Amino acid sequence: QQPVQSPQAVILREGEDAVINCSSSKALYSVHWYRQKHGEAPIFLMILLKGGEQKGHDKISASFNEKKQQSSLYLTASQLSYSGTYFCGTSWDAGNMLTFGGGTRLMVKP
Amino acid sequence: DSGVTQTPKHLITATGQRVTLRCSPRSGDLSVYWYQQSLDQGLQFLIQYYNGEERAKGNILERFSAQQFPDLHSELNLSSLELGDSALYFCASSVGAAGGPLTDTQYFGPGTRLTVL
């Protein structure tokens, strides 16, 4: 079952913040976040494991809420380079297989 | 550059034909994954190989098959092509069992864009 991402699209001005959510109907083991520019390969951002941990680097961070079966990606002080489609990939067991959400299109304008 | 290579970059063919997409994983990675991404859609997992053995299967059509060779490169074969098979096909690789499945990061190649006319 595919995780559900929200919002589907968001437009920001440079310097504004955004939150992208990834919700699952099943208990999550791990959540993987990727960013993809149009026509290019998805680029790995971070992995979160069950346990409610939060991770981050630079101005991009994420949290994992095991109880809510949800992960959120936080983009602060957005830059033009943050534009792209963000995908969450979830695993529900110990296997490697990821199921990706439908993506969230983020556009950052000057 | 993720270190994963895919050839060809573009492929244009006709309905009913058969094509082969090739992927070389990052040095040291034992797992290879294939994904299909149709226009403006998400990533659909097709199949995973680990060290030459099939490990997981997703929504892969019977007309599609894959294999991983002893040198760890992988090929995805698509046959009896239909218009709806037009898509970006990505290969990803990961270390495999060594890192543990939950933390196994998948690194994506640049993709092969397949157009079926």
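Relevant structure appears above.
What this report covers is the structure whose coordinates are included nearby. (Residues numbered from 1 in each chain as written. Chains lettered and ligands numbered in written order. Predicted model: local features only at pLDDT ≥ 70, side-chain atom pairs only at ≥ 80, totals over all residues. Heavy atoms only, no water.)

**Some details on the packing of aromatic side chains**
Applying the stated criterion across every chain, the model contains 10 aromatic pairs over all chains. Consider the rings of A:Phe100 and B:Tyr35, whose centres lie 5.5 Å apart with planes at 80 degrees: the pair is edge-to-face. A residue pair is termed interchain when its members come from two chains, as with A:Phe100 in strand 10 (residues 99-100) and B:Tyr35 in strand 4 (residues 31-37). Judged by relative accessible area, which is 2%, A:Phe100 ranks as buried. We classify B:Tyr35 as buried; its relative accessible area is 0%. On the basis of an interplanar angle of 40 degrees and a centroid distance of 5.3 Å, the ring pair of B:Tyr35 and B:Phe108 is categorised as tilted. (Phe/Tyr/Trp six-rings, centres within 6.5 Å; stacked < 30°, edge-to-face > 60°. Helix = DSSP H or I, 4+ residues; strand = E, 2+ residues; numbered from the N terminus. Buried < 20%, exposed > 50% of the residue type's maximum accessible area, 1.4 Å probe, protein only.)

**Looking at the sheet that holds strand 8 (residues 74-78) of chain B**
Residue and element names in this part refer to chain B. Strand order in the open sheet formed by 4 strands is 1-3-8-7, with antiparallel pairing between adjacent strands. Each end of this open sheet is capped by a strand with a single partner; those strands are strand 1 (5-7) and strand 7 (64-68). Going across the sheet, the axis of each strand differs from the next one's by a mean of 15 degrees, ignoring polarity. Note that strand 3 (residues 19-24) and strand 8 share 5 bridges and pair antiparallel. Across the sheet, residue Leu21 finds its bridge partner in strand 8, namely Leu76. (Pairing = 2+ DSSP bridges. Axes fitted to C-alpha atoms, helices over the stretch in contact; angles between N-to-C directions.)

**Considerations on unusual backbone geometry**
Peptide bonds are, in most cases, trans, and in most cases residues other than glycine have a negative phi. The step from A:Ser6 to A:Pro7 runs through a cis peptide bond, and the omega angle for that step is -5 degrees. Along the chain, A:Pro7 falls in the loop between strand 1 (4-6) and strand 2 (9-13). Residue B:Pro8 is reached from B:Thr7 by a cis peptide bond, and omega for that bond is -10 degrees. Within the secondary structure layout, B:Pro8 lies in the loop between strand 1 and strand 2 (10-13). In this structure, B:Asn51 is a non-glycine residue whose phi angle is positive, near 50 degrees. One can find B:Asn51 in the loop between strand 5 (44-50) and strand 6 (53-57).

**Describing the pattern of salt bridges**
Residues and elements named next belong to chain B. Evaluation of the coordinates by the stated rule reveals 3 salt bridges over all chains. Residue Asp29 pairs with Arg26 through a salt bridge whose shortest N-O separation is 2.8 Å. For Asp29, a relative accessible area of 2% translates into the label buried. Between Asp85 and Arg63 there is a salt bridge, with its nearest N and O atoms 2.8 Å apart. Taken together, the positions of Asp85 in the loop between strand 8 and strand 9 (87-94) and Arg63 in the loop between strand 6 and strand 7 put the pair 22 residues apart, joining distant regions of the chain. One continuous salt-bridge network, built from bridges that share partners, spans Arg63, Glu82 and Asp85. (Salt bridge = Lys/Arg side-chain N within 4 Å of Asp/Glu carboxyl O.)

**Considerations on the interface of chain A and chain B**
With 26 residues of chain A at the interface, the matching set in chain B holds 27 residues. Taken over both partners, the interface formed by chain A and chain B buries close to 1,900 Å², and the fraction arising from carbon and sulfur atoms is 60%. The interface formed by chain A and chain B holds 0 salt bridges in total. Of all the secondary structure elements, the ones that give two or more residues to the side of chain A that touches chain B are strand 4 (30-36), strand 5 (43-49) and strand 9 (84-91) of chain A. With 4 residues, strand 4 of chain A is the single largest residue contributor to the side of chain A that touches chain B. When its residues are assigned to classes, the side of chain A that touches chain B shows 12 nonpolar, 11 polar and 3 charged. (Contact = heavy atoms within 4.5 Å. Buried area = accessible area lost by both parts, 1.4 Å probe. Nonpolar A, V, L, I, M, F, W, Y, C, P; charged D, E, K, R; others polar.)

**Notes on the environment of B:Phe45**
Assignment of secondary structure puts B:Phe45 in strand 5. Residue classification places B:Phe45 among the buried positions, given a relative accessible area of 7%. With residues near it in sequence (within four places) discarded, B:Phe45 still touches A:Met97, A:Leu98, B:Tyr33, B:Trp34, B:Tyr35, B:Ala56, B:Lys57, B:Gly58 and B:Asn59.

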